[in-house]
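Structural description and commentary
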Amino acid sequence: MVTGPRQGRFPVRFGTAEVVRDLDRANGWLLSVDGVAQSYVDVDDPTHLEFDYVRRIVDVLDCWGSPGQAVDALHLGGGACTVARYLSVAREGSRQTVVDADAGMVALVRDQFGIDGIPGLTVHVGDGRAELALRQDRSSDVVVVDAFERGMVSAGLFSVEATRELSRVLRADGVYLANLSDGPGLPFAGRVVATLSAVFGNVLLLAEPSVLRGRRFGNIVLAASAVDLPTDRVAARAANAAFPARCLTAAELRALVGPARLLTDGEPVTPPTPPKDPFAS
């Protein structure tokens, strides 16, 4: 039974979740874990997107494919299902699956945010890599990877082996989207870019200029596909956002990150550790 959002602190697998009402919106809510903002949901308006990195993901989704056309989407990492909520409205009739490793988080958002009422959405607890192995070839138009544990990205979802599995699941013209975070020099993001480039060929990186210049730790959105991406339209939307972001493509990415080794399952990788106040400017 859904009780509706309520402020408070709640134990989950990867820490302590906190739900806080947004005083500026009638039914807007911030969900954080151990002080790190994870999701923002406007229960009354799924198209209201508070986080800039979510807006950048949606920039790609809105520019890709046929506007309004329903899609089959797989989300690895869910939080409060903000992107899935958006797709259920922007691409009505979509079939979506969200897989999240945190059973406590899934129970919390079921109870407070009514995720089981989102049309076409199935949410379950599970391991992202294990879920990929069960998915049929060419079964998804969209795959979104947004999985964090205790403020750090789930690095195992970015290895070349995992990326090949993701490419197997995607349809020929499908799009892969990922949210990660990194700091000065982009050591982790550079390796993810190299890995995605090796598997998909076409890669875009979206981030605020201050993150790209190494001035602060922050979110980075990556898009990849086996076919051409709508680079010009995505770049225009990102540049004209309230908080502008840059859109980098092949040559610019090579200049930014230089040569980088692929991420592999055989090499344990420690993901970037956020500073105490990771998204401070």
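Before reading on, note that the structure itself is shown above.
Residues numbered from 1 in each chain as written. Predicted model: local features only at pLDDT ≥ 70, side-chain atom pairs only at ≥ 80, totals over all residues. Heavy atoms only, no water.

Attention now moves to the nonpolar core. Core analysis: the largest hydrophobic core is formed by 35 residues, its most contacted members being Val145, Phe158, Tyr176, Leu180, Leu205 and Ile220. Broken down by secondary-structure element, the contributors of at least two residues to this core are strand E5 (72-76), strand E8 (140-145), helix H5 (160-169), strand E11 (170-182), helix H6 (187-199), strand E12 (202-207), helix H7 (209-212) and strand E13 (218-225). The dominant element in this core, judged by the number of residues it contributes, is H6, at five residues. By size, the runner-up hydrophobic cluster in this structure holds 29 residues, among which are Tyr86, Leu204, Leu206 and Val234. (Core = buried A, V, L, I, M, F, W, Y, C linked by side-chain atoms within 4.5 Å. Buried < 20%, exposed > 50% of the residue type's maximum accessible area, 1.4 Å probe, protein only. Helix = DSSP H or I, 4+ residues; strand = E, 2+ residues; numbered from the N terminus.)

Let us now look at empty space enclosed by the protein. Per the stated rule, a full pass over the model turns up one cavity of 30 Å³ or more. Considered as a void within the structure, the largest cavity measures approximately 30 Å³ in volume. Taken together, Tyr40, Val41, Asp42, Asp45, Pro46, His48, Leu49, Thr82 and Arg85 make up the lining of the largest cavity. Broken down by secondary-structure element, the contributors of at least two residues to the lining of the largest cavity are strand E4 (36-42) and helix H2 (82-90). Take the lining of the largest cavity: its biggest share by element is three residues, from E4. A breakdown of the residues in the lining of the largest cavity according to their chemical character gives four nonpolar, two polar and three charged. (1 Å grid on protein atoms, 1.4 Å probe; cavity = no way out; pocket = protein on both sides within 12 Å on 5 of 7 lines; lining within 4 Å. Points joined across faces, edges and corners; volume = space filled by probe spheres on them. Nonpolar A, V, L, I, M, F, W, Y, C, P; charged D, E, K, R; others polar.)

Before going further, it helps to spend a moment on the pairing of strand E3 (residues 28-33). Of all the six residues making up E3, five are buried; the element is thus mostly covered by neighbouring parts of the structure. Sheet analysis places strand E2 (residues 15-21) next to E3, joined by five bridges and oriented antiparallel. In the sheet register, Arg21 faces E3, and the bridge partner there is Trp29. In this antiparallel pair of consecutive strands, E2 and E3, the connection spans six residues. (Pairing = 2+ DSSP bridges.)

Turning our eyes to something else, we now look at the layout of surface pockets. The computed volume of the second largest pocket comes to approximately 200 Å³. Along the wall of the second largest pocket there are 14 residues; nearest its centre are Val193, Ser197, Ala250, Leu253 and Arg254. Residues belonging to the lining of the second largest pocket are distributed by class as follows: eight nonpolar, five polar and one charged.

This paragraph deals with the pattern of salt bridges. Summed over the entire model, instances satisfying the criterion amount to 19 salt bridges. As a salt-bridge pair, Arg6 and Asp111 come within 3.0 Å of each other at their nearest N and O atoms. One end of the pair, Arg6, is in the segment before strand E1 (8-12); the other, Asp111, is in helix H3 (residues 103-113), and 105 residues separate them in sequence. On the basis of relative accessible area, Arg6 is assigned to the partly exposed category, the value being 37%. A salt bridge links Asp72 to Arg95; the nearest nitrogen and oxygen atoms lie 2.8 Å apart. Residue Asp72 is located in strand E5, and its partner Arg95 is located in strand E6 (residues 95-100); the two are separated by 23 residues in the primary sequence. Asp72 sits in the buried class, given a relative accessible area of 11%. (Salt bridge = Lys/Arg side-chain N within 4 Å of Asp/Glu carboxyl O.)

Turning next to the pairing of E1. Relative to E2, E1 is paired through five bridges, and the arrangement is antiparallel. By the bridge assignment, Val12 is partnered in E2 with Gly15. Hairpin connection from E1 to E2: two residues lie between these consecutive antiparallel strands.

Without other data, these values stay purely geometric and don't point to any function.
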